[in-house]
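Chain and residue survey
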Amino acid sequence: MLEAKFGFPGFCFRAGSEWLKVIEVKDLVHQYKTPQGEAKKALQGISLTIKEGEFVAVIGHNGSGKSTLAKHLNALLLPHQGKVVINGIDTSTQERLWDIRQQVGMVFQNPDNQLIATTVEEDVAFGPENLGIPPVKIRQLVDESLECVGLDEFKARAPHLLSGGQKQRVAIAGVIAMKPRILVLDEPTAMLDPIGRKEVMDTVIGLNKEEGLTIVHITHFMEEAVFADRVVVMEEGNIVMEGEPRQVFSQVDILRKLRLDVPPMTELRERLVQSGIKLPPGILNVEEMVMALCP
Ligand SMILES: Nc1ncnc2c1ncn2[C@@H]1O[C@H](COP(=O)(O)OP(=O)(O)O)[C@@H](O)[C@H]1O
Ligand SMILES: [Mg+2]
């Protein structure tokens with residue numbers, strides 16, 4: 001595969017039908033010490049390549065290593081063994097730390113921990129200000145980012161008065177105002193109600209499809225993972241399964257053994273098949289279920 005070696009960081013191109021890798025994780029080991037002083041591995045030598053523009057969902061039971069992996073993607077953590085390369089930059093290159101942080105935007109679970117300013121626009125401006133961008137340009141970036149997440153009319157609002165979904169969209173706007181190429185979201189919908197979750201998912205899908213951002217979306221909602229190009233399943237610090245959502249979610253028994261759910265329509269299909277109704281494998285959403293039941 002060709003490396004992106006042209007011009008400014010973040011620039012990638014497509015050679016023939018082959019997209020360039022923007023994230024390359026190779027034999028990554030993350031070690032930590034328990035309070036008793038015992039060395040343990042949260043990541044046991046995982047490898048993962050993600051291509052420019054790809055939408056990857058990461059699922060796995062609690063403690064499987066998802067957040068640890070996320071933190072390695074923007075050098076919040078550094079490998080004990082193996083390496084992580086972002087757009088050609090090894091995350092252990094100290095001098096390029098801020099390039100990596102600018103290129104990989106992170107959104108976490110709790111929006112209240114990510115919003116700091118007294119108005120929405122000040123909050124979104126915080127990242128670009130830290131990058132030393134001139135004020136006129138910052139104003140433009142703030143406007144564009146808020147428009148991207150559908151909150152341009154909320155500029156002057158106080159973030160703490162917004163709904164959970166809106167807060168999380170402000171957090172996303174704050175990250176995309178720094179013009180990253182990659183967005184890593186660590187369970188961004190875990191604390192939201194169904195409306196908030198839909199708002200955030202629509203925003204993330206839009207950023208992927210319309211703005212071409214590469215997405216790494218960690219979630220325990222299987223109906224969110226269905227939107228990905230690829231689903232990565234983690235267990236005890238390893239990647240144990242990987243593939244298109246239809247491929248992964250048709251392996252219901254294995255997912256159950258990994259203590260994971262399947263998407264609601266996959267679950268319904270399984271129950272209907274058990275009660276004698278003939279249905280094709282790989283049903284992921286309501287439309288596909290309706291088509292299968294009344295072709
Ligand atoms: N610095 C640390 N100290 C103690 N335990 C840690 C540390 N880093 C990771 N772990 C452990 O590693 C495992 C993976 O954690 P994490 O990446 O947060 O999992 P997930 O996000 O999938 O729930 C967990 O069992 C966690 O307790
Ligand atoms: Mg986690």
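Here we come to the packing of helix α3 (residues 120-130) against helix α5 (residues 164-176). α5 packs onto α3 with a crossing angle of 35° between their chain directions and a minimal axis gap of 7 Å. The hand of the α3/α5 crossing is right-handed. Facing Val-120, Asp-123, Val-124, Phe-126 and Gly-127 of α3, the residues of α5 in contact are Val-170, Ala-173, Gly-174 and Val-175.

As a further point, take the site of ligand 1. With respect to spatial proximity, the complete set of residues near ligand 1 consists of Tyr-32, Ala-42, Gly-60, Asn-62, Gly-63, Ser-64, Gly-65, Lys-66, Ser-67 and Thr-68. Taken together, the residues that form the shell around ligand 1 break down as two nonpolar, seven polar and one charged.

Okay, the sheet that holds strand β7 (residues 89-90) next. Sheet architecture is open: four strands sit in the order β4-β3-β6-β7, paired in antiparallel fashion. Only two strands of the sheet have a single partner each, and these edge strands are β4 (39-51) and β7. Bridge count for strand β6 (residues 81-86) against β7 is two bridges, and the pairing is antiparallel. In the sheet register, Val-85 faces β7, and the bridge partner there is Asp-90. Strand contacts of helix α1 (residues 66-73): β3 (21-33), β4 and β6, with the helix running at about 125° to β3, the strand carrying the most contacts.

Analysis parameters
Residues numbered from 1 in each chain as written. Chains lettered and ligands numbered in written order. Predicted model: local features only at pLDDT ≥ 70, side-chain atom pairs only at ≥ 80, totals over all residues. Axes fitted to C-alpha atoms, helices over the stretch in contact; angles between N-to-C directions. Helix = DSSP H or I, 4+ residues; strand = E, 2+ residues; numbered from the N terminus. Left-handed = near helix turned anticlockwise from the far one by under 90°. Contact = placed C-beta atoms within 7 Å. Near = placed C-beta within 6 Å. Nonpolar A, V, L, I, M, F, W, Y, C, P; charged D, E, K, R; others polar. Pairing = 2+ DSSP bridges.

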